[in-house]
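An overview of the molecular structure
Listed below are the residues making up each chain.
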Amino acid sequence: MNIGIDLISFHAPSYVLDLRILAEMRGVDPDKFVIGIGQERMAIVPPDQDIVTLAANAALPIVDKAGRDDIELVILATESGIDQSKAAALFCHKLLGLPAACRCIEVKEACYGATAALRMAAAMVAARPHTKALVLAADIARYDLASPGEPTQGAGAIAMLVSTRPRVLALDPESGFHAEDIMDFWRPNYREEAIVDGKYSTRMYLTTLLRAWKNYHAASGRSLTDHAHLCFHLPFTKIAYKSFERLCKADGIPLPPRDELERLIDPALHYNRQTGNTYAACVYEALASLLDHAPANLARKRIGLFSYGSGCMAEFFSGVVQAGYRDHLFTDTHRTMLDSRTPVTYRQYEDIFNYGVPSDGADHVFAPYRGGAFRLAGIKDHKRRYEAK
Ligand code: HMG
């Protein structure tokens, strides 16, 4: 039985900061951000958007196209949770008008959460092949102002419909994974910003890539050349080049010339370069970018995916692009959304960064900003109130 991604949709907030502006304010050569780490812009989340609205906005085109009736499971992966108890998936479930006979949960393991969600969704759909699952991943990446992590901040959400008749990507059953208890990046409950040991986290990302790859190779017998493209978790896009280099070395394959390397790697990087790190959504944002931008038809080609979540969990897995997949992409919606974002000044970025919501239960109403179909309208008695625009 084929199981995999039937539809995939990506959503980013409607405001954006050019990293050249940030570089100027921080007294840094802009090439460090644009070339050194490979990022051009950072998505800025206005006060009336959060992970619920980002995720629901990502999912709306999917449920509008595929219908709502067969969806029996919604899993939302995030590390920017809005509540310690209630699953954010329940808010999305209501906004999207999904059936009441549906399981809704939230999962977490840093940026790896969405991959765990995808695997759980695939297992659930395998058990009940006539049903579908909606996997959502939404995050807002925040580091301290003027810290090394700041230029890698970002935000966005991905939505994937999982079914037994996937029109976009059929998942291979084999995968290679690796778990290790480390402190490379974390966010205690009392902090808004993540704490990170940047260089160590990057080293661990690359080390666990090789471990997950080795396990994947042992499980599948496949080598690097069996994959037409690779999609990596993208805390910053330059890491995709470093990762590919490591894998070539591990497989004893000479590194392709620069133009060939760019042809292989770059199509998956376009969206992330424009949004920054979207944590749990990242590797699937890379997949959406690849499918939307690869000039060649990828039908029947195998794609390798590497998912990394600090803490840490790593998984290398793969899938085969389905014939006719281009007819089921949301390429135009993605491009229009990113092209029509409103640029913010440095001052506006800082104001939004420092915007706080009351924690005493007082009535708070959010001014309307540009965004998708859903927004956070207010908070009253510690309850978030969402609305469709
Ligand atoms: P840094 O210390 O500011 O940067 O931190 P750097 O000095 O290492 O420079 C970065 C690169 O820019 C270097 O290239 C420089 O040579 C180059 P490299 O040697 O790495 O190839 N550079 C220049 N290039 C062109 N022109 C110039 C120039 N100047 C320097 N003028 C760091 C960089 C990524 C560590 C920092 O941004 C950071 O701490 N980021 C946050 C943590 C992170 O992204 N970690 C990645 C792995 S962990 C992960 O992926 C999980 C995560 O997504 C969270 C989760 O799982 O939930 C983060």
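Let me sum up the structure you'll find in this document.

Calculation notes
- Residues numbered from 1 in each chain as written.
- Predicted model: local features only at pLDDT ≥ 70, side-chain atom pairs only at ≥ 80, totals over all residues.
- Heavy atoms only, no water.
- Pairing = 2+ DSSP bridges.
- Helix = DSSP H or I, 4+ residues; strand = E, 2+ residues; numbered from the N terminus.
- Contact = heavy atoms within 4.5 Å.
- Axes fitted to C-alpha atoms, helices over the stretch in contact; angles between N-to-C directions.
- Buried < 20%, exposed > 50% of the residue type's maximum accessible area, 1.4 Å probe, protein only.
- Arc of directions from axis to C-beta.
- Polar contact = N/O pair within 3.5 Å; in protein donor to acceptor, adjacent residues only side chain to side chain.
- Salt bridge = Lys/Arg side-chain N within 4 Å of Asp/Glu carboxyl O.
- Near = heavy atom within 4 Å.
- Areas by Shrake-Rupley, 256 points an atom, 1.4 Å probe, with all protein chains shown as cover.
- Nonpolar A, V, L, I, M, F, W, Y, C, P; charged D, E, K, R; others polar.
- Core = buried A, V, L, I, M, F, W, Y, C linked by side-chain atoms within 4.5 Å.

1. A look at the sheet that holds strand S2 (residues 15-18)
Read across the open sheet, the three strands follow the order S3-S2-S14; overall the sheet is mixed. Two strands in the sheet have a free side with no partner beyond their single neighbour: strand S3 (41-44) and strand S14 (342-343). Direction of pairing for S2 relative to S3: antiparallel, over a ladder of four bridges. By the bridge assignment, Leu17 is partnered in S3 with Met42. This element, helix H1 (residues 19-26), spans S2 and S3 of the sheet and lies at about 50 degrees to S2. The strands that helix H12 (residues 346-354) touches are S2, S3 and S14; relative to S3, the one it contacts most, it runs at about 45 degrees.

2. Focus on H1
Helical geometry: 3.6 residues make up each α-helical turn, so side chains three or four residues apart lie on a common side. Within H1, burial applies to Leu19, Leu22 and Ala23. Looking straight down H1, one finds its buried side chains confined to an arc of 100 degrees; they lie on one side. Buried positions along H1 lie against S2, helix H2 (30-36), S3 and H12. Of the residues that open H1, the one with a side-chain oxygen 2.9 Å from the backbone nitrogen of Arg20 is Asp18. Gly27 lies just past H1 and shows a positive phi near 65 degrees.

3. Here we look at the pattern of salt bridges
All chains considered together, the criterion is met by 22 salt bridges. Via salt bridges that share partners, Asp18, Arg20, Glu40 and Arg41 belong to a single interconnected network.

4. Comments concerning the site of the ligand
Near the ligand you find 28 residues, and of these Lys32, Glu79, Cys111, Lys199 and Lys242 are the closest. At a separation of 2.5 Å, an oxygen atom of the ligand approaches a polar side-chain atom of Glu79. Within the side chain of Lys199, one N or O atom sits 2.7 Å away from an oxygen atom of the ligand. For the ligand, whose accessible area on its own is 1100 Å², the fraction buried by protein is 74%. Contributing elements (two or more residues each) for the shell around the ligand: H2, helix H6 (198-220), helix H7 (238-251) and strand S12 (302-309). Take the shell around the ligand: its biggest share by element is five residues, from H6. Split by residue class, the shell around the ligand holds eleven nonpolar, ten polar and seven charged.

5. Focus on the environment of Ile105
Its place among the elements puts Ile105 in strand S5 (residues 103-107). Remark: the alpha-carbon pair of Ile105 and Leu76, spanning 29 residues in sequence, is separated by 6.4 Å. Those residues within four positions of Ile105 in sequence are excluded, and the remaining contacts are Val74, Ile75, Leu76, Ala87 and Ala89.

6. A closer look at the nonpolar core
Of all hydrophobic cores here, the largest spans 90 residues; its most connected members are Ile8 and Phe232. Of the residues forming this core, the biggest block, eight residues, is contributed by helix H10 (residues 282-293). Once you skip the residues sitting within four places of it in the chain, Ile8 turns out to touch Ile62, Ile158, Ala159, Met160, Val168, Tyr284, Leu287, Ala288, Leu291, Phe330 and His334. Grouped together as the second largest cluster of nonpolar side chains are 35 residues, Val74, Ala89, Cys104 and Ile379 included.

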